[in-house]
Amino acid sequence: MPTVIAIDGPAASGKSSVARMLAKRLGWLYVNSGAMYRAVTWLAVSRGVPPGDAGRVLGLLDSTRMEFGAENGESTIRMDGVDPVPHLTDPQVNAGVSAVASIPEVRRILVAAQREYATGRDIVMEGRDIGSVVFPDTPYKFYVDASPEVRAARRARQGLTDAIGERDKVDSSRRTSPLVIAEDAHVVESSNLTLDGVVGEIIGRLKLAGLTPPGQI
Ligand code: CDP
Ligand code: CDP
């Protein structure tokens, strides 16, 4: 059975950076589930469809070929052959993604694609519901947190326009698969930790759990 490390947390808590670094050190595939929700949002925005219009968003998905793959140790996305990644942090995508992610049918489609990634290979996947819904049976669950102030400052330092407080509110209160701390997740409070510090804490836990082959990380 492939092994899954699930990393969840609120916006700008450091999930992507941490998951990418950890996956690299393990030699495993890094999967960014948020990018999938962002890609669907980009599709809607670029076609003039309001992100909250479930019927039209689903109509777009019906007529679009979405491909989820892997390259250089990371997940990739193509929408009708186009790589949406350069657009995924556009202000309009940041503003619309939580509405798209609240559409249950969108989640059903993307969760199925996320589970596919774990067929035949070990992965580190980050998102909001990876430990609670997508891979509830994995024993390796982490919830990376930081104070709202620290997270807002991190996002601002990236030069991005992103109302993370609004996104957190919608993500935490939606009916389907809201952002929650899975009961058996290890919480890493990262406000005062560097990236290396967070990865170090996670690796420490994994070693305690007997996961890491000696010398691999
Ligand atoms: O990087 P950041 O935390 O800002 O966001 P992200 O991980 O790229 O996710 C963007 C949005 O997608 C989130 O605000 C959620 O609305 C949604 N999302 C989700 O609902 N479930 C996931 N597993 C991942 C992301
Ligand atoms: O994926 P998520 O939105 O949770 O966060 P990210 O995009 O990985 O991180 C947001 C920014 O915070 C990046 O510029 C990271 O380098 C930085 N960061 C940090 O300064 N300290 C940490 N402990 C984690 C991330």
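Heads up: the structure comes first, above all this text.
In this report, the structure presented in the accompanying data block is examined. Throughout this document, residue positions are counted from 1 along each chain, in the order its sequence is written. Throughout, the order in which chains and ligands are written sets their labels, letters from A for the former and numbers from 1 for the latter. Totals for whole chains, interfaces and linings use every residue, but because this is a predicted model, local features are given only for residues with pLDDT of at least 70 and side-chain atom pairs only at 80 or more, for both listing and counting. In computing side-chain properties, one takes all heavy atoms of the structure into account and sets aside hydrogens as well as water.

### A word on unusual backbone geometry
Of note in this structure, Ala-12 is not a glycine but carries a positive phi near 60°. Each helix corresponds to a stretch of at least 4 residues labelled H or I by DSSP, and each strand to a stretch of at least 2 residues labelled E; elements are numbered beginning at the N terminus. Its place among the elements puts Ala-12 in the loop between β1 (4-8) and α1 (15-26). Residue classification places Ala-12 among the buried residues on the basis of a relative accessible area of 7%. Positive phi, close to 50°, is recorded for Ser-177, a residue that is not glycine. Mapping Ser-177 onto the fold places it in the loop between α8 (164-173) and β7 (186-189). The buried label goes to any residue with under 20% of its type's maximum accessible area, the exposed label to any with over 50%, and the partly exposed label to all in between, with areas taken from a 1.4 Å probe on protein chains only.

### Structural notes on the site of ligand 2
A single heavy atom is enough: if one lies within 4 Å of a molecule or strand, its residue is considered near that molecule or strand. In the vicinity of ligand 2, 14 residues are found, and the nearest of them are Gly-14, Lys-15, Ser-16, Ser-17 and Leu-193. Residues adjacent in sequence count toward polar contacts only when both atoms are side-chain atoms; beyond that, a polar contact is any pair of N or O atoms within 3.5 Å, and within protein one must be able to donate a hydrogen and the other to accept it. Measuring from an oxygen atom of ligand 2, one finds a backbone N or O atom of Gly-14 at 2.9 Å. Measuring from a nitrogen atom of ligand 2, one finds a backbone N or O atom of Leu-193 at 3.0 Å. Counting residues per element, the ones that place at least two in the shell around ligand 2 are α1, α7 (148-157) and α9 (195-208). Tallying contributions element by element places α1 first for the shell around ligand 2, with three residues.

### A short note on the site of ligand 1
In the neighbourhood of ligand 1, 19 residues make up the surrounding shell, with Lys-15, Arg-38, Arg-155, Arg-167 and Asp-171 lying closest. In this structure, Asp-129 approaches ligand 1 through a side-chain N or O atom, which is 2.8 Å from a nitrogen atom. In the environment of ligand 1, an oxygen atom lies 2.6 Å from a nitrogen or oxygen atom belonging to the side chain of Asp-171. We get accessible surface area from the Shrake-Rupley algorithm with a probe of 1.4 Å; when it comes to residues, only the shown protein chains can shield them. Burial of ligand 1 by the protein chains amounts to 96% of its free accessible area of 530 Å². A pocket here means an open set of points on a 1 Å grid, computed over the protein atoms alone, that has protein on both sides within 12 Å along at least five of seven lines. A cavity is instead a set of points where a 1.4 Å probe fits but cannot get out; residues with an atom within 4 Å of a point line either one. Whether a molecule lies in a cavity or pocket depends on its atoms, and more than half of them have to be within 2 Å of the grid points. Because more than half of its atoms lie within 2 Å of the grid, ligand 1 is assigned to the largest pocket. Breaking the shell around ligand 1 down by element, the ones donating at least two residues are α2 (33-46), α4 (91-101) and α8.

### Side note on the layout of surface pockets
Estimates place the volume of the largest pocket at around 1100 Å³. Forming the walls of the largest pocket are 48 residues, and the residues nearest its centre are Ser-16, Tyr-30, Asn-32, Arg-38 and Glu-126. Per element, the largest residue contribution to the lining of the largest pocket is six residues, and it comes from α2. Residue composition of the lining of the largest pocket, by class: 17 nonpolar, 15 polar and 16 charged. Grid points are joined across faces, edges and corners, and a volume is the space filled by probe spheres set on the points. By volume, the second largest pocket amounts to about 240 Å³. Grouping the constituent residues of the lining of the second largest pocket by class yields nine nonpolar, two polar and one charged. The nonpolar class holds Ala, Val, Leu, Ile, Met, Phe, Trp, Tyr, Cys and Pro. Asp, Glu, Lys and Arg form the charged class, and all remaining residues, Gly among them, are polar.

### Considerations on the pairing of β1
A large share of β1 lies buried, amounting to five of its five residues. Relative to strand β5 (residues 123-127), β1 runs parallel, the two being bridged by five bridges. Note that in β5 the partner of Ile-5 across the bridge is Val-124. Strands are treated as partners if at least two bridges between them are detected by DSSP. Strand direction decides the pairing type here: β1 and strand β6 (residues 140-145), joined by four bridges, are parallel. Bridge pairing links Ile-7 to Phe-142 in β6.

By themselves these figures say nothing about function.
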